Amino acid sequence: MSFENIILEIKNHIATIYFNRPKALNALNNALFDELDIALDQIRDNTDISVLILTGAGDKAFVAGADIAELVKMTPLQGKYFSRKGQKVFSKIEALPIPAIAAVNGFALGGGSEAALACDFIYASQKAIFGLPEINLGLIPGFGGTQRLARLVGENRAKEMIFTGKTINAQQALEYGIVNKICDPDTLMEEVMKTANLIASKGKVALRSAKEVVQNGLNTDLETGCRIENDVFGLTMASEDAKEGTSAFLEKRKPVFTGKLY
Ligand code: CO8
């Protein structure tokens, strides 16, 4: 299926989704969410893909938020459903069996920050700007940002950002722990690809197990999380790649992972 509001590229076990409404700084409208939802299903069901990268088309924005022109025409009930739709689609990113990396190449405001926060980690260009400025519109974040930001940076910093609507630059985002790495704008995608390729070179079962355990463990208490780790560890040992990885170490050679899932 071809998309109009996003671009989906799949190459060398890596899927890249570009938010693609450059004229509106890639703002998120209903049509974009519908397409993103379909693309994420395709990625989830394609066992050949090991990593997803999310980024923005053009050189100015990752995503400048929900589409305000569309938002302004909604009734409160439509707003509620739009908020739920965005939450569901972003939760789908989080629930993917593979890692998702956000390559934030410019403005990541409102829904843009919320999209990036739903990824497993974020690399940002020096030009990146993060923020939840909804308060300046008389609104609040509605795509999971109040929850994910507070969990990531702590209650106090999240509240300050949400209450003031102030934006932060890439350096501040790094200090807050929102961003793992800051890159030159010209080499951002190269750096993200390097990391994505490294991840994609690992044993597929182990990679999926690691994502599942960290993600599911975070939503529970430590003891339950450790039990999830026990079970998934045992299952991971049954994979061909686990046999290959451990044998290769003992035989002092590089492992050759087949990536066989079952
Ligand atoms: N929605 C729609 N259009 C947008 C948006 C947006 N969020 N952001 C920018 N655009 C459009 C502009 O209207 C402009 O269009 P045009 O050329 O036709 O006038 C074009 O993109 C370029 O934008 P600017 O001329 O404003 O570019 P600047 O470089 O001057 O400024 C900014 C860039 C600072 C990013 C500025 O565009 C801006 O402040 N944008 C809005 C940022 C914002 O407030 N984001 C939060 C939106 S609300 C949200 O995300 C809520 C999520 C939860 C919703 C829950 C469901 C109900």
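Residues numbered from 1 in each chain as written. Predicted model: local features only at pLDDT ≥ 70, side-chain atom pairs only at ≥ 80, totals over all residues. Heavy atoms only, no water.

**Student:** Just to check I follow, could you spell out the site of the ligand for this structure?
**Tutor:** Around the ligand sit 24 residues, and of these Lys-60, Ala-64, Ala-66, Ile-68 and Gly-111 come closest. In this structure, Ala-64 approaches the ligand through a main-chain N or O atom, which is 2.9 Å from a nitrogen atom. Ile-68 places a polar main-chain atom, nitrogen or oxygen, 2.9 Å from a nitrogen atom of the ligand. Coverage of the ligand by the protein chains reaches 62% of its 1,100 Å² of free accessible surface. Of all elements in the fold, only α2 (68-71), α3 (76-94), β6 (107-109) and α4 (111-117) reach the threshold of two or more residues within the shell around the ligand. The leading source of residues in the shell around the ligand is α3, at three residues. Of the residues belonging to the shell around the ligand, the class tally is 13 nonpolar, six polar and five charged. (Near = heavy atom within 4 Å. Polar contact = N/O pair within 3.5 Å; in protein donor to acceptor, adjacent residues only side chain to side chain. Areas by Shrake-Rupley, 256 points an atom, 1.4 Å probe, with all protein chains shown as cover. Helix = DSSP H or I, 4+ residues; strand = E, 2+ residues; numbered from the N terminus. Nonpolar A, V, L, I, M, F, W, Y, C, P; charged D, E, K, R; others polar.)

**Student:** I tried to follow the nonpolar core on my own but got confused; where do I start?
**Tutor:** Counting 51 residues, the largest nonpolar core has Leu-52, Phe-62, Val-104, Phe-130 and Ile-178 as its most contacted members. When residues in this core are grouped by element, the largest group, six residues, is from helix α1 (residues 30-45). Filtering out sequence-adjacent residues up to four positions away, Val-104 remains in contact with Phe-62, Ala-116, Ile-122, Tyr-123, Ala-124, Ser-125, Ala-128, Phe-130 and Leu-188. Membership of the second largest hydrophobic core comes to 14 residues, among which are Ile-14, Ala-103, Ala-196 and Ala-200. (Core = buried A, V, L, I, M, F, W, Y, C linked by side-chain atoms within 4.5 Å. Buried < 20%, exposed > 50% of the residue type's maximum accessible area, 1.4 Å probe, protein only. Contact = heavy atoms within 4.5 Å.)

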